[in-house]
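Analysis of the macromolecular model
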Amino acid sequence: MTTDHRLERIRAVRRELAREGPPRTRDRDRDFEIVALPGRDCDLLRDLLIREGVRTVVEVGLAYGSSALAIGEALVTVGSPHARHVVIDPYQQEAFAGVGWDLLRSAGLDSIAGLVAEPSSSALPRLVEEGVVAEAAFVDGSHRFHEVFVDLYYLRKIVRPGGLIVLDDDWTPSVRSAVRYYERNLGWSVVPGAFADGTSRAVGDDLAAEVVPRCRAVRLPAPSFEPPFEDFRSFAEPDRGSQRARS
């Protein structure tokens, strides 16, 4: 099958998913619309990864597969003979009845993708031990601060120096706080405007808060470095309530 035929197959699955939704969802109102990465953001993610010339991408969280299909499209477009997409999701079968993985298979992406059905906190350290090196990662797993923080800890050992990590739901305070540590202490830098044309949301769903893009792309420093412990920079921000109390 030619690259053009492979791409058309992927795009057809993406179009159908956007138009019809997944063949099955969890028993929650508007679950697909809430959980899945919107099409606009998927296109921006795809284009960003193509510009990076990705060959290996690690993704945390599969769910309904919208972001995974976009990542697969990027990998096929770049066309590396050794393309690899590592997808980590312990709940794909239990919670999502395998729908995301089935969509990847229907798009023909199971030839380059592999599903790791276990928590990222155990899967990522194993990838480090195996010596996996990726050009980019996409993080949309647990949104608990400590679990996002651990994901990023291991991904900085997997993603090459100068590579990219993209985080979904950057509007949530837990995700923003976790990535802020790495920005302030380990030299990660935001990729300007990467998702400026994507969807946006108020931080913490607070109508008085800043409206930010749903996704954030950060670039790791090259070379990587470990700062002295004396150089620790606080990454906490005073909460809005504390600010109001002092004003």
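In what follows, the accompanying structure is described. What you see is a predicted model; the values in this text were computed from it and never measured.

With that settled, the discussion passes to the sheet that holds strand β4 (residues 134-139). On the basis of which strands lie adjacent, the open sheet formed by seven strands has the order β3-β2-β1-β4-β5-β9-β6 and mixed pairing. Edge strands, defined here as strands with exactly one partner in the open sheet, are β3 (113-116) and β6 (189-190). Examined bridge by bridge, β4 and strand β5 (residues 159-167) share five bridges and lie parallel to one another. For Phe 138, the partnering residue across the bridge sits in β5 and is Val 166. Packed onto the sheet, helix α6 (residues 120-130) meets β1 (56-60), β2 (84-88) and β3 and runs at close to 150° relative to β2.

Before going further, it helps to examine the pairing of β5. Burial of β5 is extensive: seven of the nine residues sit out of reach of the surface. The parallel pair β4 and β5 is bridged by helix α7 (residues 145-158), and the resulting crossover is right-handed. Here β5 runs beside strand β9 (residues 216-219); their pairing, made up of four bridges, is antiparallel. Each residue of the ladder has a partner; that of Val 166, found in β9, is Ala 217.

The next point concerns the pairing of β3. Where β2 meets β3, four bridges bridge the pair, whose relative direction is parallel. Residue His 85 lies in a different strand from β3, and its bridge partner there is Ala 113. Following the chain from β2 across helix α5 (residues 99-106) to the adjacent parallel β3, one finds a crossover that is right-handed.

Let us look at the packing of aromatic side chains. According to the stated counting rule, one finds twelve aromatic pairs in the structure shown. Consider the rings of Phe 145 and Phe 149, whose centres lie 5.8 Å apart with planes at 40°: the pair is tilted. Here the residue Phe 145 and the residue Phe 149 both occupy positions in helix α7, the gap between them amounting to four residues, near one helical turn. For Phe 145, a relative accessible area of 33% puts it in the partly exposed group. Note on Phe 149: relative accessible area 23%, which makes it partly exposed. Both rings, one in Phe 145 and one in Phe 235, keep their centres 6.2 Å apart while their planes meet at 10°; by these two values the pair is stacked. Within this pair, whereas Phe 145 is found in helix α7, its partner Phe 235 is found in the loop between β9 and α9 (240-246), the two being separated by 90 residues in sequence. Chaining the aromatic ring pairs together yields one cluster made of Phe 145, Phe 149, Tyr 181, Tyr 182, Trp 188, Phe 232 and Phe 235. Here the guanidinium or amino end of Arg 201 rests over the ring plane of Trp 171, the centre of that ring lying 3.7 Å away.

Conventions and cut-offs
- Residues numbered from 1 in each chain as written.
- Predicted model: local features only at pLDDT ≥ 70, side-chain atom pairs only at ≥ 80, totals over all residues.
- Heavy atoms only, no water.
- Pairing = 2+ DSSP bridges.
- Helix = DSSP H or I, 4+ residues; strand = E, 2+ residues; numbered from the N terminus.
- Contact = heavy atoms within 4.5 Å.
- Axes fitted to C-alpha atoms, helices over the stretch in contact; angles between N-to-C directions.
- Buried < 20%, exposed > 50% of the residue type's maximum accessible area, 1.4 Å probe, protein only.
- Right-handed = clockwise from strand over helix to strand, strands pointing away.
- Phe/Tyr/Trp six-rings, centres within 6.5 Å; stacked < 30°, edge-to-face > 60°.
- Lys NZ or Arg CZ within 6 Å of the ring centre and 35° of its normal.

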